[in-house]
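Observations on chain architecture
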Amino acid sequence: MFQTDTAAFVRRFAEAWAEPTVDALVALTHPDATLTQPLAATAHGHDRLANVLDELLSTIPDLRGELVSWAPADEHTVFVEMRLHGTFGRQPIEWVTVDKIVLREGLIASRTANFDGLRLLGSLARRPRGWPVWLRAKLDR
């Protein structure tokens, strides 16, 4: 039975990332959810999570995610592999993340994103045209 619930969650998660908005992504989480990922401080709760997502979507406004694969680990945990892509500094950028997601009542209780942060940071650093957009997104939070 839990695989059916997990599959439904993964479908909602993939749909939210196909055309992401802060509200749609936050709606997938518990109010006390925790997000951990490279290149960012751990985010606790809806407000902080919304700030992190707003910064990301302001920096890469055309960011989209495509589901690559997923696998349930147990009754409450699922691994989701996503390919994220968009434009930064007028050039395409993409990376793959494998997220470990712990669910509670069909919502994210915790999400740990696993991707090569140094590789992504290197891509961002080589695109100085995007730096003002990134800085503005950082300061607007």
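Description of the structure in this document. The model shown is predicted, which means the values in this text are computed figures rather than measured ones.

**A few points about empty space enclosed by the protein**
Throughout the structure, instances matching the rule amount to one cavity of 30 Å³ or more. Of the voids in this model, the largest cavity is the one considered here, and its volume is about 110 Å³. Together, F13, W17, L25, L28, T29, A33, T34, L35, L49, L53, I108 and R111 line the largest cavity. Elements with a contribution of two residues or more to the lining of the largest cavity: α1 (2–18), β1 (29–36), α3 (45–59) and β6 (107–114). Partitioned by chemical class, the residues of the lining of the largest cavity number nine nonpolar, two polar and one charged.

**Remarks on a nonpolar patch on the surface**
Together, L39, L118 and L121 make up a nonpolar patch on the protein surface, roughly 320 Å² of accessible area in all. You can see L118 is positioned in helix α4 (residues 117–125).

**Focus on the nonpolar core**
Counting 31 residues, the largest nonpolar core has F9, F13, W17, W95 and I101 as its most contacted members. Elements with a contribution of two residues or more to this core: α1, α2 (22–26), α3, β4 (77–88), β5 (91–104), β6 and α4.

**Comments concerning the layout of surface pockets**
Taking a probe equal in size to a water molecule and rolling it over the atoms shows the remaining empty space. Computed from the structure, the largest pocket encloses a volume of approximately 600 Å³. Along the walls of the largest pocket sit 29 residues, with Q37, L39, E55, L56 and W134 positioned nearest its centre. Within the residue set of the lining of the largest pocket, elements represented by two or more residues are α3, β4, β5, β6, α4 and α5 (131–139). Top element by residues in the lining of the largest pocket is α3. It accounts for six residues. Looking at the lining of the largest pocket, its residues break down into 21 nonpolar, three polar and five charged. D5, E75, L103, E105 and G106 are, among the eleven residues lining the second largest pocket, the residues nearest its centre.

**Here we look at the sheet that holds β5**
The six strands lie next to each other as β2-β1-β6-β5-β4-β3, forming an open sheet whose pairing is mixed. Two strands bound the open sheet, and with one partner strand each, they are β2 (43–44) and β3 (64–72). Where β1 lies against β6, four bridges are found, and the strand directions are parallel. Across the sheet, the residue bridging to T34 is S110, located in β6.

Rules and cut-offs
- Residues numbered from 1 in each chain as written.
- Predicted model: local features only at pLDDT ≥ 70, side-chain atom pairs only at ≥ 80, totals over all residues.
- Heavy atoms only, no water.
- 1 Å grid on protein atoms, 1.4 Å probe; cavity = no way out; pocket = protein on both sides within 12 Å on 5 of 7 lines; lining within 4 Å.
- Points joined across faces, edges and corners; volume = space filled by probe spheres on them.
- Helix = DSSP H or I, 4+ residues; strand = E, 2+ residues; numbered from the N terminus.
- Nonpolar A, V, L, I, M, F, W, Y, C, P; charged D, E, K, R; others polar.
- Patch = residues over 30% accessible without salt bridge, like charges linked within 9 Å, V, L, I, M, F, W, Y side chains within 5 Å.
- Areas by Shrake-Rupley, 256 points an atom, 1.4 Å probe, with all protein chains shown as cover.
- Salt bridge = Lys/Arg side-chain N within 4 Å of Asp/Glu carboxyl O.
- Core = buried A, V, L, I, M, F, W, Y, C linked by side-chain atoms within 4.5 Å.
- Buried < 20%, exposed > 50% of the residue type's maximum accessible area, 1.4 Å probe, protein only.
- Pairing = 2+ DSSP bridges.

By themselves these figures say nothing about function.
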